Protein chains: 2
Amino acid sequence: MAEFKYIAPDHIEERSMEIIEEQLGDIKISPENKTVLKRVIHTTADFDYVKNLRFSDGAVKIGIDALKNGAHIITDTSMALSGINKRILGSLGGEAHCFIADPTVAETAKARGVTRASAAVEYACSLGDDLIFAVGNAPTALIKLDEMIKAHRIMPKLVIAVPVGFVNVVEAKELIMENGVPYIAAAGNKGGSNVAAAICNALLYMIKR
Amino acid sequence: MAEFKYIAPDHIEERSMEIIEEQLGDIKISPENKTVLKRVIHTTADFDYVKNLRFSDGAVKIGIDALKNGAHIITDTSMALSGINKRILGSLGGEAHCFIADPTVAETAKARGVTRASAAVEYACSLGDDLIFAVGNAPTALIKLDEMIKAHRIMPKLVIAVPVGFVNVVEAKELIMENGVPYIAAAGNKGGSNVAAAICNALLYMIKR
């Protein structure tokens, strides 16, 4: 027979974070990166992210500053869009967007034989540079971003590079980790829309709850 | 320098599934359960699900039959709701619902000091028995379901029991695996809204694409 500890609804997350903190032990990581890591583990229960999650220098502070200045978040799936805390984002002046189902994007993708994720990145770049990309699904979104960054067509404030999968995923994340853009990335095959949303929320919760 | 294999957008999923199939090797699992397992790994890149994913006898067929008969899907997060293929579900006569943000549910939860997930389960049960519950986040939803099943207040067609986390999660999934309801569950701490949606979609894609 299973036995439950009663924990008041308001304290479940707090207790979860304590358990994660205990299991992490004495790892070498900065406090702000650890806050992001803990939220990713809270979302996945997967401690592989201890070794997989990578941060460019100062990425968390850069992301927080961008959000405080009203940066918008561009995601590649409606699931990630759904998971992002839009109440806090909106209170800072930002919005979250996913253009993957936009009819213009679909047409462009079909005409060019590219993924909708790739066409959606190009479309999003028309919003300017005050953008954080949160990519949890499509490596082709990262490949397109890399191409546009190298062509000086955009320099996002931060790229959250956490697509999951087996086709070109590892390589696409490596491109982002090498091209000079600030990043938070999950090296290897793992990641996902839930991880992308969790990282966005970790940054937002460091600003306010 | 990263190198990419060009794969046409339409073939990325097919190629991913081939890679997963190769990595699975000769595991002992029925073809229909394997189809579900492969989609969960496709969504997470996490092969732990080979040992974690559990199916009651005939659960996949039971789920498929229910969906063909127009069963509705109840999820505990807007993220899972967002990830479920509602085009196919709708074509079968079903709908996907998430009552977690419903004002009545929020009021009930506050008044009783229970989680909104728990109150949402009770609310959903008023829809009848033609329901598949897809729980990716809240163990309290499973605890409530178990209580209502034992009280003969509901018998869902299938419970997809895959909440992720560290507080009462393992125990809540064990309740569902022991109370006689057909289930697809992720034993242990892992799971998530993405996994819940992936399992729903695996069932839906076995009916049509």
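Before reading on, note that the structure itself is shown above.
Being a predicted model, the structure only gives us computed values, none of them experimental.

About the thresholds
- Residues numbered from 1 in each chain as written.
- Chains lettered and ligands numbered in written order.
- Predicted model: local features only at pLDDT ≥ 70, side-chain atom pairs only at ≥ 80, totals over all residues.
- Heavy atoms only, no water.
- Helix = DSSP H or I, 4+ residues; strand = E, 2+ residues; numbered from the N terminus.
- Rg over C-alpha atoms; globule rule 2.2 N^0.38 Å.
- Buried < 20%, exposed > 50% of the residue type's maximum accessible area, 1.4 Å probe, protein only.
- Contact = heavy atoms within 4.5 Å.
- Lys, Arg positive; Asp, Glu negative; His and termini not counted.
- Charge placed at Lys NZ, Arg CZ, Asp CG, Glu CD.
- Least-squares fit on C-alpha atoms with pLDDT ≥ 70 in both.
- Arc of directions from axis to C-beta.
- Pairing = 2+ DSSP bridges.
- Axes fitted to C-alpha atoms, helices over the stretch in contact; angles between N-to-C directions.
- Buried area = accessible area lost by both parts, 1.4 Å probe.
- Salt bridge = Lys/Arg side-chain N within 4 Å of Asp/Glu carboxyl O.
- Polar contact = N/O pair within 3.5 Å; in protein donor to acceptor, adjacent residues only side chain to side chain.
- Nonpolar A, V, L, I, M, F, W, Y, C, P; charged D, E, K, R; others polar.
- Core = buried A, V, L, I, M, F, W, Y, C linked by side-chain atoms within 4.5 Å.

Q: Please give an account of the overall build of chain A that cites residues and values.
A: Across its full length, chain A holds eleven helices and six strands. Relative to the 2.2 N^0.38 estimate, which gives 17 Å for 209 residues, the radius of gyration of chain A is 17 Å and therefore close to what a compact globule would have. Counting only C-alpha atoms and orienting by the principal axes, one finds that chain A spans roughly 60 × 40 × 35 Å. Across the 209 residues of chain A, 57% fall into the buried class. Within chain A, contacts between residues separated by at least 24 positions form 64% of all contacts whose residues are at least 6 apart in sequence. Computed over 23 positive and 25 negative side-chain charges, the separation of the two mean positions in chain A equals 1 Å.

Q: Which residues make up the relation of the copies chain A and chain B, and what values go with them?
A: Superposing chain A onto chain B takes a rotation of 180 degrees plus a shift of 0.0 Å along the axis, which leaves an RMSD of 0.0 Å. Such values leave the two copies arranged in the relation of a two-fold axis. Among all C-alpha atoms of chain A, that of Met79 of chain A lies closest to the rotation axis, at 2.5 Å. Mapped onto chain B, 100% of the interface residues of chain A again fall at the interface, so both copies present the same surface.

Q: Describe in detail helix 10 (residues 169-178) of chain B, supporting the description with residues and values.
A: Residue and element names in this part refer to chain B. Buried within helix 10 we find Val169, Ala172, Lys173, Leu175 and Ile176. Each buried residue of helix 10 lies within a common arc of 150 degrees when the element is viewed along its axis, so the set occupies one face. Of the surrounding elements, those touching the buried residues of helix 10 are helix 9 (139-150), strand 5 (158-161) and strand 6 (183-186).

Q: How would you summarise the environment of Ala187 of chain A if you had to cite specific residues and measurements?
A: Residues and elements named next belong to chain A. By the element assignment, Ala187 lies in the loop between strand 6 (183-186) and helix 11 (193-207). Between the C-alpha atom of Ala187 and that of Val162, which follows or precedes it by 25 residues, the distance is 7.8 Å. Excluding its chain neighbours within four sequence positions, the residues that come into contact with Ala187 are Asn52, Arg54 and Met177.

Q: Let's hear about the sheet that holds strand 5 (residues 158-161) of chain A: which residues, and what values?
A: All names here are of chain A. The strand order across the open sheet built from six strands is 1-6-5-4-2-3, with neighbouring strands paired in mixed fashion. Strands at the two margins of the open sheet, each flanked by one partner only, are strand 1 (53-55) and strand 3 (96-98). Taking each pair of neighbouring strands and ignoring which way they run, the sheet shows an average axis angle of 15 degrees.

Q: Any chance you could break down the interface of chain A and chain B for me, citing the residues and the numbers?
A: Residue-level contacts link 44 residues of chain A with 44 residues of chain B. Taken together, both faces of the contact between chain A and chain B bury some 3200 Å²; the carbon and sulfur share is 70%. The three residues of chain A that bury the most area against chain B are Phe4, Met79 and Phe166 of chain A, which together make up 24% of that side's buried surface. Applying the counting criterion to the chain A and chain B interface returns two salt bridges. When the shortest N-O distance is used, the salt bridge between Asp46 of chain A and Lys190 of chain B registers 3.9 Å. The interface formed by chain A and chain B holds six residue pairs in polar contact (both at pLDDT 80 or more) in total. Contributions of two or more residues to the side of chain A that touches chain B are made by helix 1 (12-24), helix 2 (31-44), helix 5 (78-83), helix 9 (139-150), helix 10 (169-178) and helix 11 of chain A. Among the elements that take part in the side of chain A that touches chain B, helix 1 of chain A stands out by supplying six residues, more than any other. Among the residues making up the side of chain A that touches chain B, the classes are represented as 21 nonpolar, 16 polar and seven charged.

Q: If you had to explain the nonpolar core to someone new, which residues and values would you point to?
A: The nonpolar side chains of soluble globular proteins are, as a tendency, buried together. Within the largest apolar cluster, 44 residues are counted, with the highest numbers of intra-cluster contacts made by Leu53, Ile184 and Ile199 of chain A. The greatest single-element share of this core, amounting to eight residues, is contributed by helix 11 of chain A. Residues contacting Leu53 of chain A, with those up to four places away along its chain left out, are Val36, Leu37, Val40, Ile184, Ala185, Ala186 and Ile199 of chain A. Ranked by size, the runner-up nonpolar core spans 43 residues in total, among them Leu24, Tyr49, Ile160 and Cys200 of chain B.

Q: Please set out the environment of Ile74 of chain B residue by residue, giving values where relevant.
A: Residues and elements named next belong to chain B. Relative to the helices and strands, Ile74 resides in strand 2 (residues 72-75). Classification of Ile74 by relative accessible area gives buried; the value is 4%. Expressed as a C-alpha distance, the spacing of Ile74 and Glu178, which sit 104 residues apart in the sequence, is 21 Å. The residues contacting Ile74, other than those within four sequence positions of it, are His97, Phe99, Ala124, Leu127, Leu131, Ile132, Phe133 and Ala134.

Q: Describe the pairing of strand 4 (residues 131-135) of chain A, naming the residues involved and giving the relevant values.
A: Residues and elements named next belong to chain A. With five of five residues buried, strand 4 lies mostly within the body of the structure. In strand 4, alternate side chains face the same way, and those of Leu131, Phe133 and Val135 on one face and Ile132 and Ala134 on the other are all buried. Pairing between strand 2 (residues 72-75) and strand 4: four bridges, direction parallel. Looking at the pairing, Thr75 lines up with Ala134 of strand 4. Two strands pair when backbone bridges link them, and strand 4 and strand 5 are joined in this way by four bridges, in the parallel orientation. What sits directly across from Phe133, in strand 5, is Val159.

Q: Break down the environment of Asn194 of chain A for me, citing the residues and quoting the values.
A: Inspection of the secondary structure assignment puts Asn194 of chain A in helix 11. Of the residues examined, Asn194 of chain A reaches a relative accessible area of 6% and is grouped as buried. Not counting residues up to four positions away in its chain, the partners in contact with Asn194 of chain A are Thr43 and Thr44 of chain A together with Met79 and Asn194 of chain B. Of note is the side chain of Asn194 of chain A, whose polar atom sits 3.3 Å from the side chain of Asn194 of chain B.

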